[in-house]
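Notes for the structure review
If you want the building blocks of each chain, they are given just below.
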Amino acid sequence: MNLRLADRMENAINPFISDILRATARKDLISFGGGLPNPASFPVREISEAAQKVLSEDGAGALQYSTAEGYPPLRELIAARYQKRFGITVDPADILMTTGSQQGLDLLAKLFLNKGDDLLIERPGYLGAIQAFNIYQPNYHAVPLRKDGADTDVLEEILKSCSPKLFYAVPNFQNPSGLTYSEQNRKRVAELMKKSGTIFVEDDPYGELRFAGSEMPCMKSFLGEDVIMLGTFSKIISPAIRLGWVCAKPEIMKYLVAAKQAADIHSDYFAERMVCQYLQDNDLDAHIEKIRTMYQERKNCMVEMARRYFPQDVSFTDPEGGMFMWVTLPEGMSAVELNKIAAEKNVAFVPGDPFYVGERNVNTFRMSYTNSDANVIEKGIRCLGDAMREMTASR
């Protein structure tokens, strides 16, 4: 049967995310692939208590339909968190709850992107965002990342040649590189955004997971209403709850609400009530501090093991927070081919290919340190180092 699919589905299927999540189910595999929070960080007892409290106090209300915007007290708490972290004022009415921040990406693409519209992304960029945007068939312009953030010289040249609608970026502990934009880099990016009319989309799933260095100001501090912010509870409470949000000015929010209503009426209202109760009854900062300590120990271990077991001509990032390390092999080596050799040693990572648009057999790959203990990290990195040497010897 001829399915007669819409043209937009031509590039929609990307096996990498499915493969990453499927690989985590293998008991014999050391996986540095999936960006999975460590389950030891999940506040199971506290979430259970919050759920029971919501059900006992207003069970019928919590299990009913709700509004697309989301539970008002939860949006108020998110707005208060922005004030506490960055000193910025956010109107709760400008916050829309979403089914994970991934839905926020889809809604923004649906709002802004026609086929062939210019779109700025980081190089390398978050593969989940690329997957979401691909369906709407934009014309990508990649901005390379340097150690201090976006390459503003390249960004400036792109903005002279075209008028992108959006610049999607992850300034804090970027996925996949682990890099963070410096304050100076943020200011320069903001200057270019103001001149261009391009909307900056700041995705911040990892910003609360800083375990070294100083907190950076958010892009809204420099751009005001000319920025759209994305956030999520997946990394600081639980990914399975699937609660994120979009923060945007009223002119954009009204269209986001309409798109949200068309997509799923509203996100999980019971989950919103439960998370709100959890936040009201518990010290979120103390909880996040435990996660930071845990991830810092694992990151330090992975960096130490990489220095010990990787060949000297292999480089890697040393992030100050977040969940990922980015590895660069010598020129001419393919991370996809390395992954095949590593798989024979029961070790997995994510080759760099899906983090780029139109590039294949790249020499970079992503590793996550969050969901492995020190012994597993050492064993896996040692095997990866062996795989690298085998690959070099066969060239």
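Structure: above.
Summary of the structure given here. (Residues numbered from 1 in each chain as written. Predicted model: local features only at pLDDT ≥ 70, side-chain atom pairs only at ≥ 80, totals over all residues. Heavy atoms only, no water.)

Some thoughts on the pairing of strand 7 (residues 199–203)
Counted residue by residue, strand 7 has five buried out of five residues, so it is predominantly covered. Of the two faces of strand 7, the one holding Ile 199, Val 201 and Asp 203 and the one holding Phe 200 and Glu 202 are both buried throughout. Of the strand pairs in this sheet, strand 6 (residues 166–169) and strand 7 are connected by four bridges, and their pairing is parallel. Among the inter-strand pairings, Phe 167 is bridged to a residue of strand 7, identified as Phe 200. (Buried < 20%, exposed > 50% of the residue type's maximum accessible area, 1.4 Å probe, protein only. Helix = DSSP H or I, 4+ residues; strand = E, 2+ residues; numbered from the N terminus. Pairing = 2+ DSSP bridges.)

Here's the deal with the packing of aromatic side chains
A complete count under the given rule lists 10 aromatic pairs for this structure. Put simply, the rings of Trp 326, Phe 355 and Tyr 356 pair up and form one aromatic cluster. (Phe/Tyr/Trp six-rings, centres within 6.5 Å; stacked < 30°, edge-to-face > 60°.)

Side note on the packing of helix 2 (residues 44–62) against helix 10 (residues 269–281)
It is at 8 Å that the axes of helix 2 and helix 10 come closest, and there the two elements cross at 125°. Relative to helix 10, the element helix 2 is oriented oblique. Along this stretch, helix 2 crosses helix 10, giving a crossing that reads as right-handed. Side by side, helix 2 and helix 10 meet where Glu 46, Ile 47, Ala 50, Ala 51, Lys 53, Val 54, Leu 55, Asp 58, Gly 61 and Ala 62 of the first sit next to Tyr 269, Phe 270, Arg 273, Met 274, Gln 277, Tyr 278 and Asp 281 of the second. Residue composition of the contact of helix 2 with helix 10, by class: 10 nonpolar, two polar and five charged. (Axes fitted to C-alpha atoms, helices over the stretch in contact; angles between N-to-C directions. Parallel < 35°, antiparallel > 145°, perpendicular 65-115°, else oblique. Left-handed = near helix turned anticlockwise from the far one by under 90°. Contact = heavy atoms within 4.5 Å. Nonpolar A, V, L, I, M, F, W, Y, C, P; charged D, E, K, R; others polar.)

Just geometry here; none of it tells us what the structure is for.
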